[in-house]
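Chain by chain, the residues:
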Amino acid sequence: MLVVVIAAVAQAAIFAPPIGVPLRVVTERTEGDWTFRMERLVRFAREGQGYRAEVWMADARADGPGKVGAMMEAGFAGLAGRTMVFHLDGAGKLVAIDDLDALWTHFCDGIAAMVGAKHPNPAPLVAPIRALPPERRVAVLASLVTALVAEEAAEPAGVRPVRVPGKSPYGGPIMLTGTRSIARLGITLRSTTSAAADLPPRNGVAARVEMEDNRDSDPATGLISSISERVRTRIGDRDSERLSTVRVTLEPAAAWPAN
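Okay, so let's go over this structure. Quantities reported herein were computed from a predicted structural model and do not represent experimental measurements. (Residues numbered from 1 in each chain as written. Predicted model: local features only at pLDDT ≥ 70, side-chain atom pairs only at ≥ 80, totals over all residues. Heavy atoms only, no water.)

So, on to the overall build of the protein chain. When you go through the protein chain residue by residue, the secondary structure sums to 4 helices and 12 strands. Its C-alpha atoms give the protein chain a radius of gyration of 19 Å, near enough to 18 Å, the size a compact globule of 259 residues would have. Taken along its principal axes, the extent of the C-alpha atoms in the protein chain is 60 × 55 × 30 Å. Burial statistics for the protein chain: of 259 residues in total, 40% are counted as buried. Restricting to contacts in the protein chain with at least 6 residues of sequence separation, those with at least 24 account for 59%. When the accessible surface of the protein chain is totalled, it reaches about 13100 Å², and 55% of it is carbon and sulfur. (Helix = DSSP H or I, 4+ residues; strand = E, 2+ residues; numbered from the N terminus. Rg over C-alpha atoms; globule rule 2.2 N^0.38 Å. Buried < 20%, exposed > 50% of the residue type's maximum accessible area, 1.4 Å probe, protein only. Contact = heavy atoms within 4.5 Å. Areas by Shrake-Rupley, 256 points an atom, 1.4 Å probe, with all protein chains shown as cover.)

Printed below as a string of structure tokens:
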């Protein structure tokens, strides 16, 4: 099954990924006693006027107390050892994903395995995720490739005010306001975003969310090389922190697993 993507994806000004070269992408996230680690290989090939991106999931693990975020990320464990195929246009915009239904079944099986380790009957908890519509499934799986596209490559150097989406500690979306600084450091493009939001007090208790995001990219390829994001949340006198990192390295051709 080939599913065409309708939603627009942010594009880099230049998108010229290395052809036939495996990129090792390691994503790590910690939040209190919950941790997540995912390692994958991504390889690009020319395909008409665009690109074919293959993603081989090496490993994905989510450990700690069960929660919705952990459930979704645990789903990637169900894709371990599998090669996924994505089709992009010449600007790096996602066009389609091969075998979406089958991939989503494996993804949900990964969630069921995590939930089943804590609950005797995981099916009712996983059922809403299995039933997500195709566009929601695409948004989750597409991130395996689109997260590598350097959106900042389309922005001029300098400092400017920004509004970025965030998540309220009480649930639901919020907007954080702050600044973004973009500068060239040799052959690297460095983007630093700092933003925050104060939430109205609840039961007399105020809350604040702060975010700092640093990312390096290669303007010649339009690809991210590293990301470090820290989100701090304060509710009254209680603080929590989430740290996310992404590291991208070039690997020899032999690093790609044999079929």
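After that view, the rundown keeps rolling.
Note that strand E5 (residues 83–88) and strand E6 (residues 94–98) share 3 bridges and pair antiparallel. When the bridges of E6 are listed, Phe 86 appears paired with Ile 97. Counting the residues that bridge the hairpin from E5 to E6 gives 5 residues, and of these Gly 92 lies at a positive phi of roughly 90°. (Pairing = 2+ DSSP bridges.)

This next bit is on the environment of Ile 187. Locating Ile 187 in the fold gives a position in the loop between strand E8 (173–185) and strand E9 (188–202). The exposure class of Ile 187 is exposed, given its relative accessible area of 74%. Apart from the residues lying within four places of it in its own chain, the contact partners of Ile 187 are Ser 217, Asp 218 and Pro 219.

With that settled, the discussion passes to the pattern of salt bridges. One pass over the structure, following the stated rule, counts 19 salt bridges. The partner of Glu 54 in a salt bridge is Arg 43, and the shortest N-O contact between them spans 2.7 Å. Residue Glu 54 is found in strand E4 (residues 50–63), and its partner Arg 43 is found in strand E3 (residues 34–47); the two are separated by 11 residues along the sequence. Classification of Glu 54 as buried rests on a relative accessible area of 15%. Within the structure, one salt-bridge network assembled from shared partners comprises Arg 24, Glu 28, Arg 37, Glu 39, Arg 247 and Glu 251. (Salt bridge = Lys/Arg side-chain N within 4 Å of Asp/Glu carboxyl O.)

One pass over the structure, following the stated rule, counts 4 aromatic pairs. Measuring from ring centre to ring centre gives 5.4 Å for Phe 15 and Tyr 51, while their planes differ by 90°; the resulting arrangement is edge-to-face. Pair noted here: Phe 15 is in the loop between strand E1 (2–4) and strand E2 (23–31) and Tyr 51 is in strand E4, with a separation of 36 residues, a long-range link. Taken as a pair, Phe 15 and Tyr 51 share a single burial class, namely buried. Relative to Phe 107, the ring of Trp 104 has its centre 4.7 Å away and its plane inclined at 15°; by these criteria the two rings are stacked. One end of the pair is Trp 104 and the other is Phe 107, both in helix H2 (residues 100–116) and 3 residues apart, which spans about a single turn. The class of Phe 107 is buried, set by a relative accessible area of 0%. (Phe/Tyr/Trp six-rings, centres within 6.5 Å; stacked < 30°, edge-to-face > 60°.)

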